[in-house]
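Letter by letter, the chains look like this.
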Amino acid sequence: MIPYGRQDISAADIAAVVEVLQSDWITQGEMVPRFEAAVAAYCGAKHAVAVNSATSALHIACLALGVGAGDWVWTSPNTFVASANAALYCGAQVDFVDIDDKSYNLSVAALEEKLRRADAEGRLPKVVIPVHFAGQSCEMAAIHRLAQQYGFRIIEDASHAIGGCYQQQQIGGGQYSDITIFSFHPVKIITTGEGGMALTNSAAIANLMQRYRSHGITSDRAEMASRPEDEIWNYQQIRLGFNYRMNDFQAALGLSQLQRIDAFVARRREIAARYENEFADLPIITPWQHQDSASSYHLYPVRVRESRCGINQKTFYARMLQQALLVNLHYIPVYLQPYYQKMGFQPGYCPVSEGYYRETMSLPIYPRLTEDEQSQVITAVREMMPNSLC
Ligand SMILES: *Cc1c(COP(=O)(O)O)cnc(C)c1O
């Protein structure tokens, strides 16, 4: 079975993990800070906070920006549920901004329109979470301009996008946002098994996220509440936090994977270029790229429009599966999930996102996908399409 995505683990990765397992510190040692420093340097950000998942990173990012009851957080419906759930963990309310029909990212035009209405109604968002879908950056300069105008903060959900670029800069540098988060789940660009990271250029935000990651505890005397001189606590809990820590063998794996990130992304781009080329004469719609963006190609979503292709998404899925090609759907609009429907969201709320969801299928793309396996995918797609554009 060929999946849509999977990890690439080398002998060096395994050795790096084993080395930590044989050392004194398998958690809270030196590997986590080393991995954080390496990712921060790679992305051009000042601070990085490693955690046990991108979901945790989104949660502490929202908390660090002060998201709480009575606040609104807006995100894209075309994402994994975690992007929206983070706001709910903080007691805030979530709303969705429809996507652009070409990039499938949060639409700047839809955002601007929604902000204008929200401003009139006095319910502007505190935070907007643009999601860099499939590895392609959102139009961050424009979103940043709107943030200045309407006074909201920005968390980039770059779970798909480490290794990608926007305006020639690595995603994660934080030029246009307050915090950027990455996921290191095995299907993502680099992996720590489970894991995530939050990057920021603000020392104050980094400090808050470090506290939230580990029980709200500090061992910095300057942060401690006043207490009698003879007390010798080496730590104090100063707020309510969580245990969201990454351990040291995960960080060692991440650090080892990071050495190959550019090769991973180059390989993904090569596969995407081959698909693009091979499908050029077919009626399926291949991913469009914005001129400011160089995608990391976490996903390769194609649109199977029945009126053009003669088959629909379900048939496409079934025929691929018959040939052991496990394509996948990214994503059902978050607000169509039963949990969100119960909150009152109705079908039709973000029509572009819904139209996209009924046609999209993510083809296999990952560094270890061989030429032969790519050919299997290409042949399977070609065989079920009329081979001319209508
Ligand atoms: C994978 C993913 C997450 C969650 O990542 P975890 O590390 O599994 O918690 C969040 N947002 C998006 C867009 C994702 O793809």
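Residues numbered from 1 in each chain as written. Predicted model: local features only at pLDDT ≥ 70, side-chain atom pairs only at ≥ 80, totals over all residues. Heavy atoms only, no water.

K.L.:
Please clarify how the sheet that holds strand β12 (residues 293-294) should be interpreted in this entry.
P.N.:
Pairing between sheet strands relies on hydrogen bonds along the backbone, with the strands arranged either parallel or antiparallel. As summarised here, the arrangement of the three strands in space is β7-β6-β12, forming an open sheet in which the pairing is antiparallel. The open sheet is flanked by β7 (169-170) and β12, the only strands paired with a single partner. With two bridges connecting them, strand β6 (residues 165-166) and β7 associate as antiparallel partners. The residue bridging Tyr-166 from the neighbouring strand is Gln-169, located in β7. (Pairing = 2+ DSSP bridges. Helix = DSSP H or I, 4+ residues; strand = E, 2+ residues; numbered from the N terminus.)

K.L.:
Sorry, what's going on with the sheet that holds strand β8 (residues 179-183) here?
P.N.:
Reading across the sheet, the seven strands line up as β1-β9-β8-β5-β4-β2-β3 and stay open at both edges, with mixed pairing between neighbours. Whereas interior strands pair on both sides, the edge strands pair on one side only; in this sheet they are β1 (47-51) and β3 (93-96). Neighbouring strand axes in the sheet, compared pairwise and without regard to direction, differ in orientation by 20° on average. Pairing of strand β2 (residues 72-75) with strand β4 (residues 127-129) involves three bridges; the strand directions are parallel. The partner of Trp-74 across the bridge, within β4, is Val-128. Where helix α4 (residues 82-89) meets the sheet, its contacts fall on β2, β3, β4 and β5 (153-157), and the angle it forms with β3 comes to roughly 150°. On top of the sheet, helix α5 (residues 108-121) reaches β2, β3 and β4; it is set at about 160° to β2, its chief contact. (Axes fitted to C-alpha atoms, helices over the stretch in contact; angles between N-to-C directions. Contact = heavy atoms within 4.5 Å.)

K.L.:
Any chance you could explain the pattern of salt bridges here in plain terms?
P.N.:
Any two side chains of opposite charge can pair if their charged atoms end up close together. All told, the structure shown has 22 salt bridges when counted by the stated rule. Notably, a salt bridge pairs Arg-123 with Glu-121, separated by 3.7 Å at the nearest N-O pair. Judged by its relative accessible area of 35%, Arg-123 is partly exposed. In this structure, Glu-354 and Arg-358 form a salt bridge, with 3.7 Å as the shortest nitrogen-oxygen distance. Counted as one network, the salt bridges with shared partners bring together Arg-267, Glu-270, Arg-274, Glu-278 and Glu-371. (Salt bridge = Lys/Arg side-chain N within 4 Å of Asp/Glu carboxyl O. Buried < 20%, exposed > 50% of the residue type's maximum accessible area, 1.4 Å probe, protein only.)

K.L.:
What should I look at first to understand the site of the ligand in this one?
P.N.:
Taken together, 15 residues surround the ligand, and among them Thr-55, Asp-157, His-160, Ser-183 and Lys-188 come closest. Within the side chain of Lys-188, a nitrogen or oxygen atom sits 3.0 Å from an oxygen atom of the ligand. Secondary structure elements with two or more residues in the shell around the ligand: α3 (54-64) and α4. Of the residues contributing to the shell around the ligand, the split by class is five nonpolar, eight polar and two charged. (Near = heavy atom within 4 Å. Polar contact = N/O pair within 3.5 Å; in protein donor to acceptor, adjacent residues only side chain to side chain. Nonpolar A, V, L, I, M, F, W, Y, C, P; charged D, E, K, R; others polar.)

K.L.:
Help me understand the packing of aromatic side chains in this model?
P.N.:
To describe a pair of aromatic rings, one takes the distance between the centres and the angle between the planes. A full pass over the atoms with the stated rule returns 18 aromatic pairs. Arranged with centres 4.9 Å apart and planes meeting at 10°, the rings of Phe-242 and Tyr-244 form a pair that is stacked. For the pair Tyr-339 and Tyr-340, a centre-to-centre distance of 5.9 Å together with 75° between the ring planes defines the contact as edge-to-face. Residue Tyr-339 is classed as exposed on the basis of its relative accessible area of 53%. Of the residues examined, Tyr-340 reaches a relative accessible area of 2% and is grouped as buried. Taken together, the aromatic side chains of Phe-96, Tyr-335, Tyr-339, Tyr-340, Phe-345 and Tyr-349 make up a single cluster linked through ring pairs. (Phe/Tyr/Trp six-rings, centres within 6.5 Å; stacked < 30°, edge-to-face > 60°.)

K.L.:
What's the story with unusual backbone geometry in this structure? I'm lost.
P.N.:
Generally, phi is negative for residues other than glycine and the peptide bonds are trans, each holding for most cases. Note the cis peptide between His-330 and Tyr-331, where omega equals 0°. Turning to its location among the elements, Tyr-331 is positioned in the loop between α11 (313-322) and α12 (338-342). The phi torsion at Gln-28 lies on the positive side, around 55°, for a residue other than glycine. Residues other than glycine seldom take positive phi values, yet Tyr-297 does so here, at roughly 50°. The residue Tyr-297 is located in the loop between β12 and β13 (300-303) in this model.

K.L.:
I'm lost on the pairing of β1 in this one. Help?
P.N.:
The side chains of a regular strand alternate between both faces of the sheet. For β1, a buried count of four out of five residues is recorded, marking the element as mostly surrounded by other parts of the structure. Of the strand pairs in this sheet, β1 and strand β9 (residues 196-200) are connected by five bridges, and their pairing is antiparallel. Bridged to His-47 within β9 is Thr-200.

K.L.:
What is the right way to read the nonpolar core from this model?
P.N.:
The nonpolar side chains of a soluble globular protein tend to be buried, and buried together. Membership of the largest hydrophobic core comes to 51 residues, with the highest contact counts inside it found for Phe-35, Val-39, Leu-111, Ile-143, Phe-152, Ile-162 and Phe-182. Setting aside residues up to four positions removed in sequence, Phe-35 forms contacts with Phe-184, Ile-190, Thr-192, Met-197, Met-246, Ala-251, Gly-254 and Leu-255. Within the second largest apolar cluster, 38 residues are counted, among which are Ala-54, Ala-57, Tyr-244 and Cys-350. (Core = buried A, V, L, I, M, F, W, Y, C linked by side-chain atoms within 4.5 Å.)

K.L.:
It is not clear to me how the domain arrangement of the chain should be interpreted in this structure. Could you clarify?
P.N.:
One widely used convention gives an interface's size as the accessible area the parts lose upon coming together. Structurally, the chain comprises domain 1 (2-258) and domain 2 (262-384). Its C-alpha centre places domain 1 at a distance of 26 Å from the equivalent point of domain 2. Contact with domain 1, which involves 48 residues of that partner, is made by 50 residues of domain 2. With both chains or domains summed, domain 1 and domain 2 bury close to 4200 Å², and 58% of this area falls on carbon and sulfur atoms. Of all residues in domain 1, the largest losses of buried area upon contact with domain 2 belong to Ile-2, Tyr-4 and Tyr-104, amounting jointly to 20% of the total for that side. Those elements that place two or more of their residues in the side of domain 1 that touches domain 2 are α4, β3 and β6. Looking at the side of domain 1 that touches domain 2, its residues break down into 24 nonpolar, 14 polar and ten charged. (Domains from an automatic or database assignment. Buried area = accessible area lost by both parts, 1.4 Å probe.)

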